[in-house]
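Results of the structural survey
Here's the letter readout for the chains.
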Amino acid sequence: MKIAFIGIGNVGFAIANNLQKIGHQIIVATNNKNSDSVKNASQRNPEFEIKPVQDAVNECDIVFLATPFQANQTVLSGIKFNGKPLVDCTNPIGMGTKGLKHGLDSEKSGSEVVQELAQDAKVVKAFSVYGYENFIDSSFPKYNVKPAMLICGNDKDAKAKVSFLLEELGFTATDTGNLTQALHLEHMTLLWVKMVRVNGHHPNFVWAYLEK
Ligand SMILES: NC(=O)c1ccc[n+]([C@@H]2O[C@H](COP(=O)([O-])OP(=O)(O)OC[C@H]3O[C@@H](n4cnc5c(N)ncnc54)[C@H](OP(=O)(O)O)[C@@H]3O)[C@@H](O)[C@H]2O)c1
């Protein structure tokens, strides 16, 4: 597939790099070729193409959004997605008096906001419930089970495309339902972040989906 990345920092690069290594064509979608993350990404993987955002979106089969949540209003403004899947990896994270909290006060999910900002895209929340360390390396050779990647979205075909990529990358794609489920996934992210970044759990710990 041709896959465009808006945002090529920790998260974007880790996913794009692994997708490129298994044969996908990666386009870094940016209107600022001189940004640090874009220069860093193309040095680390010279196979990446770099194109203006709208050109990259027009050409690709699927778009990843891996930018700071607060930047999304600016980042998504004016882009025409023409019905393409948009994988929302972003998380609204806030800081309250008791520490980490949902950045939208748990009133709605960040992914529903992304869907409002990109109305002609088919938003799928994915690659959001772990730190980027698990996107660099998703293998758990000592276990006979793959890490679960919980996803959600309103469009079946878009979720199928994202699930295909997830399985190729070594995850069990777990469809949790429509986009309103994103609020619950964002709370799972907060739990993971608190456990790892604050309480010292290992950054390569993951959730598994076991079913009888
Ligand atoms: N870090 C994690 O472990 C993790 C895991 C899962 C999900 N997430 C979520 O994924 C998203 C990205 O996180 P990250 O750690 O990859 O961040 P990061 O390393 O800071 O990378 C952010 C990327 O977004 C770009 N960007 C920032 N502001 C922009 C703007 N106004 N317009 C266009 N591009 C802009 C940056 O480009 P420049 O170089 O030009 O600034 C960079 O390419 C966040 O929403 C985060 O909550 C993070």
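Here goes a summary of the coordinates provided.

The rules we used
- Residues numbered from 1 in each chain as written.
- Predicted model: local features only at pLDDT ≥ 70, side-chain atom pairs only at ≥ 80, totals over all residues.
- Helix = DSSP H or I, 4+ residues; strand = E, 2+ residues; numbered from the N terminus.
- Rg over C-alpha atoms; globule rule 2.2 N^0.38 Å.
- Buried ≥ 20, exposed ≤ 12 C-beta atoms within 10 Å, placed from the backbone.
- Pairing = 2+ DSSP bridges.
- Axes fitted to C-alpha atoms, helices over the stretch in contact; angles between N-to-C directions.
- Contact = placed C-beta atoms within 7 Å.
- Core = buried A, V, L, I, M, F, W, Y, C linked by C-beta atoms within 7 Å.
- Near = placed C-beta within 6 Å.
- Nonpolar A, V, L, I, M, F, W, Y, C, P; charged D, E, K, R; others polar.
- Expected span 1.5 Å × (residues − 1).

Remarks on the overall build of the protein
Each helix and strand in the protein was counted, giving eight helices and ten strands. Relative to the 2.2 N^0.38 estimate, which gives 17 Å for 212 residues, the radius of gyration of the protein is 16 Å and therefore close to what a compact globule would have. Expressed as lengths along the three principal axes of its C-alpha atoms, the size of the protein is roughly 40 × 40 × 35 Å. A total of 212 residues make up the protein; the buried ones form 41% of that total.

Some details on the sheet that holds strand 4 (residues 62-65)
Overall, mixed pairing links the eight strands, which are arranged 3-2-1-4-5-8-9-10 in an open sheet. Here the strands that pair on one side only, and so sit at the sheet edges, are strand 3 (49-51) and strand 10 (172-175). Neighbour to neighbour, the strand axes of the sheet diverge by 30° on average, direction disregarded. Against the sheet, helix 8 (residues 182-198) engages strand 8 (122-125) and strand 9 (148-153), with an angle of about 150° to strand 9.

Some details on the nonpolar core
Within the largest apolar cluster, 60 residues are counted, with the highest numbers of intra-cluster contacts made by Ala4, Phe5, Val63, Phe64 and Val87. Aside from chain neighbours lying at most four places away, what touches phenylalanine 5 is Gly12, Ala16, Ile26, Val28, Ala29, Phe64 and Ala66.

A word on the site of the ligand
The ligand sits among 24 residues. The nearest are Gly7, Gly9, Ser35, Ser37 and Thr90. The set of elements that each furnish at least two residues to the shell around the ligand consists of helix 1 (10-21), helix 2 (36-44) and helix 4 (72-76). Here the shell around the ligand takes three residues from helix 1, the largest share from any one element. Here the residues of the shell around the ligand sort into ten nonpolar, 13 polar and one charged.

A word on helix 8
Here helix 8 spans 23 Å end to end across 17 residues, near enough to the 24 Å set by a 1.5 Å rise per residue. Residues of helix 8 that are buried in the fold lie against strand 6 (93-96), strand 7 (99-102), helix 5 (110-117), strand 8 and strand 9. Of the residues flanking the end of helix 8, it is glycine 200, one or two places downstream, whose phi is positive at about 90°.

Considerations on the pairing of strand 8
The alternating pattern of strand 8 places Lys122 and Val124 on one face and Val123 and Lys125 on the opposite face, and all of these are buried. Note that strand 8 and strand 9 share two bridges and pair antiparallel. Its bridge partner being in strand 9, valine 124 is matched across the sheet by glycine 153.

Overview of the pairing of strand 4
Alternating residues of strand 4 divide into Ile62 and Phe64 and Val63 and Leu65, and every residue in both groups is buried. Note that strand 4 and strand 5 (residues 85-88) share three bridges and pair parallel. By the bridge assignment for strand 5, leucine 65 is matched with aspartate 88.

Some words on unusual backbone geometry
Phi is positive for aspartate 105, which is not a glycine, with a value near 55°. Of note, aspartate 105 is situated in the loop between strand 7 and helix 5. Here phenylalanine 127, not a glycine, exhibits a phi torsion of approximately 50°, which is positive. Of note, phenylalanine 127 is situated in the loop between strand 8 and helix 6 (133-136).

Looking at the environment of aspartate 55
Mapped onto the secondary structure, aspartate 55 falls in helix 3 (residues 53-59). On the basis of neighbour counts, which here come to 12 C-beta atoms within 10 Å, the residue aspartate 55 falls in the exposed class. Sequence spacing of aspartate 55 and alanine 29 is 26 residues, and the spatial spacing of their C-alpha atoms is 7.9 Å.

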